[in-house]
Amino acid sequence: MAPIFDLVGVGFGPANLSLCIALHESEEARTKGFSMVFLEKQPQFAWHRTLLLPGTQLQVSPMKDLVTMRDPTSYFSFTNFLHVHGRLPAYINRSESVPSRREWSAYLAWAARSMEQYARYGTTVLDIEPVKGSDGKVAYNRVIARDASGNTHSYLARNVCVAVGGQANIPESLTSVIDAPRVIHSAQFLTQMKTLEPILRAKKSLRLAVLGAGQSSAEMLVYLLDRFPEAQIDMIFRASALVPSDDTPFVNSAAFDPASSQRFWELPLKLRRQHVVEFKHTNYSVVRADLIAQIYEAAYEERVELDGETSECRICIQPNTLVLNSEESGDQIVLHTRPVHVAEPVSNTFDAVFLGTGFVRDAYRMPFVDSLRSHFSLLSADGVQRLRESEEAFDNSGDAVADPEAERGRTRGITRDYFLVPDEPDAWNTTSETISSVPKEATENVEAPAETRDRVVSPRILVLGCNESTHGISDSLLSVAAHRAGIIKSSLLARTPE
Ligand SMILES: Cc1cc2nc3c(=O)[nH]c(=O)nc-3n(C[C@H](O)[C@H](O)[C@H](O)COP(=O)(O)OP(=O)(O)OC[C@H]3O[C@@H](n4cnc5c(N)ncnc54)[C@H](O)[C@@H]3O)c2cc1C
């Protein structure tokens, strides 16, 4: 029998970890001998370790953990993690309603350790190739990955579930300096600060810039204020003010409840776009209110004159400011900026620049989908554009269809249960192909499941965390992870024969 996995996961962050647990806990998956493996490029499980700063907190209820919204009785709940570690009463006695990000990371890592048998760490996925069988149809997917020693391995898969998070967003005005060691995106903050911090400490006078008005910018600012008490720090952003993130109950319910994901999915494109704009302040360019208060207080304190002496302000908040361009000048960075209401640009020199400019999360930007691009519209920029136009045209036509769900999948390029819809569905609908017909040479250098079964199953690709426009603003967040894992688990098992 040829070695083939029922599921290969790409990335082992909370999204795929949650799915792994859902399948691990499933009696049906056990009965069916469902085999799976998750490939993760980091050497061990780690949740956004590069921004794991002291004092930072989880921004969501801890009940939105890996399992509770799917199965509150699961062993892998945050509550049980506290119980197992003897901290449940102590946690309940806290006045805070959310755990620190440190404790949340420990929880996720604890759950991941129990799933270790399914994980391959230090394994970076390079490509996903659809492989045709003798009937000319795609028979399975080959996931090609490089291990920590640089060796390449193949993992043959019926289903591939891609959940790789976002990629650092670098605004055009900063691309010229992004490779400079003194320019750090929040995605690399602590890693790169290990090298940069001693260099900055050696300087007598320091001027630092933090760009952006979101949570990451605010957190980096507070960290820098603490580490460099003598530095002047400019916080530069386009918005008029630091705005608090909205996590009030009605907003949470409308944006993040499982039922709201379903409602969002059923909306036409125009209303989905409005919904994303309406709820942007739950997640984008917003900061927790307590952190805003902390920064304001620090800036205010700077202005208080002690013994009649005024000092230079260390915290220089620059709202309504655009960064036009940037360049390196010796070991410094020059930012050319302009207040939105002024024509004249201003140039300032900084010893380091920190970008809290967010992430991009489009499926077509994933670096390892080249071989899949020609099969799925959602995996190319042009294809996405075509899909949007076709959905808009369909919405405007007002035509009634026999199967609205199939129509939604066709016009959006993805189904409600997160399966990419192939441009030519027939080419992916294996009928006669059995897995044992995988050619022998295709099984060399292949990582195999412990047990494998012959199955006739049409191969599929799923993508998670990059579907905000179709599945709602919660798609990249923790809120939906457990519930979504339940949906996908059921779909995967439904298409896995006994
Ligand atoms: C600092 C920070 C704090 C956050 N806090 C919150 C919060 O409080 N609440 C909330 O709801 N959301 C929060 N988020 C949003 C975040 O997206 C989710 O918390 C969650 O991490 C999403 O899980 P994920 O598995 O989709 O993506 P990720 O957690 O990003 O995991 C993706 C994984 O894929 C791996 N990977 C990437 N490329 C490859 C490859 N080619 N091969 C193999 N592996 C690969 C990565 O190493 C990573 O481990 C935060 C984000 C950041 C950056």
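Here is a short report on the structure shown in this document. (Residues numbered from 1 in each chain as written. Predicted model: local features only at pLDDT ≥ 70, side-chain atom pairs only at ≥ 80, totals over all residues. Heavy atoms only, no water.)

## Let's talk about the packing of aromatic side chains
Item 1. Counted according to the given criterion, the structure contains 17 aromatic pairs.
Item 2. Between tyrosine 75 and tryptophan 110, the ring centres sit 5.6 Å apart and the planes meet at 35 degrees, which makes this aromatic pair tilted. With tyrosine 75 in the loop between strand E2 (36-39) and helix H3 (78-84) and tryptophan 110 in helix H5 (residues 101-114), this pair connects stretches of sequence that are 35 residues apart.
Item 3. Tyrosine 75 gets classed as partly exposed once you look at its relative accessible area, which sits at 44%.
Item 4. Grouped by ring-pair contacts, the aromatic residues Tyr75, Phe76, Phe78, Phe81, Tyr91, Trp104, Tyr107 and Trp110 constitute a single cluster.
Item 5. Between the NZ or CZ atom of arginine 201 and the centre of the ring of phenylalanine 228, over which it lies, the distance is 5.3 Å. (Phe/Tyr/Trp six-rings, centres within 6.5 Å; stacked < 30°, edge-to-face > 60°. Helix = DSSP H or I, 4+ residues; strand = E, 2+ residues; numbered from the N terminus. Buried < 20%, exposed > 50% of the residue type's maximum accessible area, 1.4 Å probe, protein only. Lys NZ or Arg CZ within 6 Å of the ring centre and 35° of its normal.)

## Digging into the sheet that holds strand E9 (residues 207-211)
Item 1. Reading across the sheet, the 5 strands line up as E8-E15-E9-E10-E11 and stay open at both edges, with parallel pairing between neighbours. Two strands close off the open sheet at either side, each with one partner strand: strand E8 (183-185) and strand E11 (315-318). Neighbouring strand axes in the sheet, compared pairwise and without regard to direction, differ in orientation by 15 degrees on average.
Item 2. Relative to strand E15 (residues 352-355), E8 runs parallel, the two being bridged by 3 bridges. When the bridges of E15 are listed, histidine 185 appears paired with leucine 355.
Item 3. Sitting on the sheet, helix H6 (residues 189-201) touches E8, E9 and E15, and the angle it makes with E8 is about 155 degrees.
Item 4. This element, helix H7 (residues 215-227), spans E9, strand E10 (232-236), E11 and E15 of the sheet and lies at about 175 degrees to E10. (Pairing = 2+ DSSP bridges. Axes fitted to C-alpha atoms, helices over the stretch in contact; angles between N-to-C directions. Contact = heavy atoms within 4.5 Å.)

## Concerning the pattern of salt bridges
Item 1. For the coordinates displayed, the defined rule picks out 22 salt bridges.
Item 2. Close ionic contact of lysine 32 with glutamate 28 constitutes a salt bridge, the shortest N to O distance being 2.9 Å.
Item 3. Under the relative-accessibility criterion, lysine 32 is labelled buried at 6%.
Item 4. Exposure remark for glutamate 28: the relative accessible area of 37% places this residue in the partly exposed category.
Item 5. A salt bridge links glutamate 391 to arginine 272, with the shortest nitrogen-to-oxygen separation between them at 2.8 Å. Taken together, the positions of glutamate 391 in helix H13 (residues 381-397) and arginine 272 in helix H10 (residues 269-278) put the pair 119 residues apart, joining distant regions of the chain. (Salt bridge = Lys/Arg side-chain N within 4 Å of Asp/Glu carboxyl O.)

## Side note on the environment of alanine 494
Item 1. Tracing the sequence through the fold places alanine 494 in helix H16 (residues 481-494).
Item 2. Residue classification places alanine 494 among the exposed residues on the basis of a relative accessible area of 66%.

## Re the site of the ligand
Item 1. Close to the ligand lie 26 residues; Glu40, Trp47, Gln59, Ser476 and Leu478 are nearest.
Item 2. Note that an oxygen atom of the ligand is positioned 3.1 Å from one of the side-chain N or O atoms of glutamine 42.
Item 3. The backbone of serine 476 places a nitrogen or oxygen atom 2.8 Å from an oxygen atom of the ligand.
Item 4. The residue inventory of the shell around the ligand, partitioned by class, reads 13 nonpolar, 9 polar and 4 charged. (Near = heavy atom within 4 Å. Polar contact = N/O pair within 3.5 Å; in protein donor to acceptor, adjacent residues only side chain to side chain. Nonpolar A, V, L, I, M, F, W, Y, C, P; charged D, E, K, R; others polar.)

## Some thoughts on the sheet that holds strand E12 (residues 321-329)
Item 1. Spatial strand order, E12-E13-E14: 3 strands in an open sheet with antiparallel pairing. Bordering the open sheet on either side are E12 and strand E14 (346-350), each of which pairs with just one other strand. Across the sheet, the mean angle from the axis of one strand to that of its neighbour is 25 degrees, orientation sign disregarded.
Item 2. In this sheet, strand E13 (residues 332-339) lies alongside E12 in antiparallel orientation, the contact comprising 8 bridges.

## Let's talk about the packing of H7 against helix H11 (residues 289-303)
Item 1. Direction vectors running N to C along H7 and H11 enclose 40 degrees, while the axes themselves pass 11 Å from each other. Between H7 and H11, the angle falls in the class oblique. Along this stretch, H7 crosses H11, giving a crossing that reads as left-handed. Together, Gln215, Ala218, Glu219, Leu221 and Val222 of H7 and Leu291, Gln294 and Ile295 of H11 make up the contact between the two elements.
Item 2. When grouped by side-chain class, the residues that make up the contact of H7 with H11 number 5 nonpolar, 2 polar and 1 charged. (Parallel < 35°, antiparallel > 145°, perpendicular 65-115°, else oblique. Left-handed = near helix turned anticlockwise from the far one by under 90°.)

## Brief notes about the nonpolar core
Item 1. Leu7 and Leu17 are the most contacted members of the largest nonpolar core, which totals 46 residues.
Item 2. Sorting the residues of this core by element identifies helix H1 (14-24), E2, H3, H5 and H16 as the ones contributing at least two each.
Item 3. In this view, leucine 17 contacts Phe12, Phe45, Leu66, Leu108, Ala111, Ala112 and Met115; residues no more than four positions away in its chain are not counted. (Core = buried A, V, L, I, M, F, W, Y, C linked by side-chain atoms within 4.5 Å.)

## Let's talk about unusual backbone geometry
Item 1. Residue serine 285 is not a glycine yet carries a positive backbone phi of 50 degrees.
Item 2. By the element assignment, serine 285 lies in the loop between H10 and H11.
Item 3. Phi is positive for tyrosine 418, which is not a glycine, with a value near 75 degrees.
Item 4. Among the secondary structure elements, tyrosine 418 is positioned in the loop between helix H14 (404-412) and strand E17 (460-463).
Item 5. On the accessibility criterion, tyrosine 418 (1% relative accessible area) is buried.

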